[in-house]
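Residue-level structure breakdown
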Amino acid sequence: MSDVTSSSLPPRKPRHNNPIGRMIAEALDSQLLHYAYTNTDFTIPDVRDALHAMPEFSDYDRTRLRYYVRDRVHALEHLGVATRVGMLGKKRTIFRLNLDTEEATFNPSTTNDNLPLSVQPSTNNELLTFLEKDRQHLNACMHIAISEAEYYKKILDQYPTEKARIAPLLQAATEKSNQLKGEWDANLTLRSQLSRQELRS
């Protein structure tokens, strides 16, 4: 698999009036990027199960989650971002993500699929507004930290004799990106719960 040089995926289909759908789409892309960043092959059920294991989606219909994953992976396959690399049994296709700078130059916070929840007609809550702004901030910081870690790894691969000096920097950048990812996940959980309350009201 080629090195991941960006932390973004091509834009998704807009879901203007489906806040839960946007939450799932964000978590889905985050999980797919995790597979790309860790050079991990996956199947559609693997991703579905990872989403269903998240507390905010634990009561969501597994079949509908699978449809989200299937449609997204097939769309990425059509764009050349996801490729089929094998089969697990007779029915489960194994995929791999191949990201490069040209394939992932968009800013997720500017796509229609990520319109701030605060501008949706049914969501005027101040906390949702804050969480959406903070999500964009965390998203940008996480991308920077991941890019920093990737750069250190690239240099370390080229100059392994400098491991003593480069490895601590790589570790620090990786830990920082993991911390930011944890905060981003917490932000996602809060926004998901608040959006569910909005839909029930």
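Here is what the cut-offs are and how they apply
- Residues numbered from 1 in each chain as written.
- Predicted model: local features only at pLDDT ≥ 70, side-chain atom pairs only at ≥ 80, totals over all residues.
- Heavy atoms only, no water.
- Helix = DSSP H or I, 4+ residues; strand = E, 2+ residues; numbered from the N terminus.
- Buried < 20%, exposed > 50% of the residue type's maximum accessible area, 1.4 Å probe, protein only.
- Contact = heavy atoms within 4.5 Å.
- Areas by Shrake-Rupley, 256 points an atom, 1.4 Å probe, with all protein chains shown as cover.
- Arc of directions from axis to C-beta.
- Phe/Tyr/Trp six-rings, centres within 6.5 Å; stacked < 30°, edge-to-face > 60°.

Scanning the protein chain for helices and strands turns up five helices and two strands. Across the protein chain, helices and strands are ordered from the amino to the carboxyl terminus as α-α-α-β-β-α-α. Considering the protein chain as a whole, with its 201 residues, one finds that 42% of them fall into the buried category. Counted over contacts in the protein chain with a minimum sequence separation of 6, partners at least 24 positions apart contribute 66%. For the protein chain, the exposed surface amounts to about 11,000 Å²; the carbon and sulfur share of it is 53%.

Below, the discussion takes up the side chain of T43. With respect to the helices and strands, the residue T43 is situated in the loop between α1 (19–37) and α2 (44–52). What T43 contacts, discounting residues up to four positions off in sequence, is L88, R92, T93 and I94.

Moving on, we come to α2. When we look at burial in α2, the residues that qualify are I44, P45, V47, R48, L51 and H52. For α2, the buried positions fall inside an angular range of 160° around the axis, keeping them on one side.

A word on the packing of aromatic side chains. Counted by the stated rule, this structure contains three aromatic pairs. Taking the centre distance of 5.0 Å and the plane angle of 10° together, the rings of Y35 and F42 count as stacked. As far as the burial class goes, Y35 and F42 line up, both buried. Ring plane angle 25° and centroid distance 6.1 Å describe the contact between F42 and F95, whose orientation is recorded as stacked. Remark: F95 occurs in strand β2 (residues 92–97) and F42 occurs in the loop between α1 and α2; sequence separation between them is 53 residues.

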